[in-house]
Amino acid sequence: MDAAATTTPPDARTRILDAVERLVVQKGVSGLTLEAAAREAKVSKGGLLYHFGSKEALLTGVMQRLAEMVTQDYEAGVALQPDGPGRVARAMLAWAFGEADCSPGEDKHERMAAVCLAAFHHDPVLLDPLRAVTERMKADLLADGIPHGIAMTIQTATDGLFMAHLFGMYRPTEADILALRATLVSLLEPPS
């Protein structure tokens, strides 16, 4: 029996949230209606309303799930790094520069970007779950055993890369990425 045959299909709540993400990516928040979400998720409108009573509840659910995914990726990335000062910083660099198992992947990154932009446009408060995750990362980084300025430089640089991608402000070249990563890594090296 192959793996596909033994995979459990997603539950209705997951199908609905997946559908909301697809709709927001394809049509923006204006294309997100309860009817469209139910149709895309292949559930009845009553089934959708059982899980999510409004468009805001749908968007809140998507943002909460996104915050949970970012938290899981973050924690997994930290777990891959050796103990000691700079562990969180190294994990953030690995994630930002798409290394090994620490990167969300291009498809996931694109969905995250679309959902964040749409949620912010609809109601900036919807980003609060993601803001809480980012605040936790900042607190962990500041407690990472590295100087405060270096911690903030790493957070600002990695956030900047994400924002550049999110808003399509510029596309760093491979040389840009290599130079930035080398500079940030050098900040984590013990002084000689």
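Source: prediction; values computed, not measured. (Residues numbered from 1 in each chain as written. Predicted model: local features only at pLDDT ≥ 70, side-chain atom pairs only at ≥ 80, totals over all residues. Heavy atoms only, no water.)

### Section: the overall build of the protein
Scanning the protein from terminus to terminus reveals ten helices and zero strands. When the helices and strands of the protein are listed from N to C terminus, the series reads α-α-α-α-α-α-α-α-α-α. Looking at the protein as shown, the accessible area adds up to about 10700 Å², and 59% of this sits on carbon and sulfur atoms. (Helix = DSSP H or I, 4+ residues; strand = E, 2+ residues; numbered from the N terminus. Areas by Shrake-Rupley, 256 points an atom, 1.4 Å probe, with all protein chains shown as cover.)

### Observations concerning the packing of aromatic side chains
By the definition in use, this model includes one aromatic pair. Taken together, a centroid distance of 6.4 Å and an interplanar angle of 40° make the contact between Trp95 and Phe162 tilted. Note that Trp95 is positioned in helix H6 (residues 87-96) and Phe162 in helix H9 (residues 148-167), a separation of 67 residues in sequence. On the accessibility criterion, Trp95 (25% relative accessible area) is partly exposed. A relative accessible area of 13% means that Phe162 is categorised as buried. (Phe/Tyr/Trp six-rings, centres within 6.5 Å; stacked < 30°, edge-to-face > 60°. Buried < 20%, exposed > 50% of the residue type's maximum accessible area, 1.4 Å probe, protein only.)

### Quick look at helix H2 (residues 12-27)
The terminal C-alpha atoms of H2, which comprises 16 residues, lie 22 Å apart, in line with the 22 Å expected from a rise of 1.5 Å per residue. Along H2, the positions that sit buried rather than exposed are Ile16, Leu17, Ala19, Val20, Glu21, Leu23 and Val24. (Expected span 1.5 Å × (residues − 1).)

### Regarding the UniProt feature "DNA-binding region" (unreviewed entry) in the protein
The UniProt record marks residues 33-52 with the feature "DNA-binding region" (unreviewed entry), using the residue numbering of this structure. End C-alpha to end C-alpha, residues 33-52 measures 12 Å, and it is 75% helix and 0% strand. (UniProt positions renumbered as here; feature names shortened; annotations may be inferred.)

### A closer look at the nonpolar core
Of all hydrophobic cores here, the largest spans 53 residues; its most connected members are Ile16, Val20, Leu32, Leu48, Leu58, Met63 and Leu66. Elements with a minimum of two residues in this core: H2, helix H3 (34-41), helix H5 (55-79), H6, helix H7 (106-122), helix H8 (128-142) and H9. At ten residues, H5 tops the list of elements feeding residues into this core. Each of domain 1 (1-53) and domain 2 (62-188) accounts for three or more of the residues forming this core. Beyond its immediate stretch of four places on either side in the chain, Val20 contacts Leu32, Ala37, Leu58 and Val62. (Core = buried A, V, L, I, M, F, W, Y, C linked by side-chain atoms within 4.5 Å. Domains from an automatic or database assignment. Contact = heavy atoms within 4.5 Å.)

### Here we look at the pattern of salt bridges
Any two side chains of opposite charge can pair if their charged atoms end up close together. For the coordinates displayed, the defined rule picks out eight salt bridges. A salt bridge links Arg65 to Asp18, with the shortest nitrogen-to-oxygen separation between them at 2.8 Å. Here Arg65, found in helix H5, pairs with Asp18, found in helix H2; they are 47 residues apart in sequence, far enough to count as distant. The exposure class of Arg65 is buried, given its relative accessible area of 15%. Put simply, Lys45 and Glu35 hold a salt bridge, and the shortest N to O gap is 2.7 Å. Taken together, the positions of Lys45 in helix H4 (residues 45-51) and Glu35 in helix H3 put the pair ten residues apart, joining distant regions of the chain. Here Glu35 falls in the partly exposed class, since its relative accessible area comes to 41%. (Salt bridge = Lys/Arg side-chain N within 4 Å of Asp/Glu carboxyl O.)

### Considerations on H8
Taking 1.5 Å of rise per residue, the 15 residues of H8 would be expected to cover 21 Å, and the 21 Å separating its terminal C-alpha atoms lies within 8% of that figure. Those residues of H8 that fall on the buried side of the exposure criterion are Leu130, Val133, Met137 and Leu141. Buried residues along H8 cover an arc of 80° about the axis, so they all sit on one side. (Arc of directions from axis to C-beta.)

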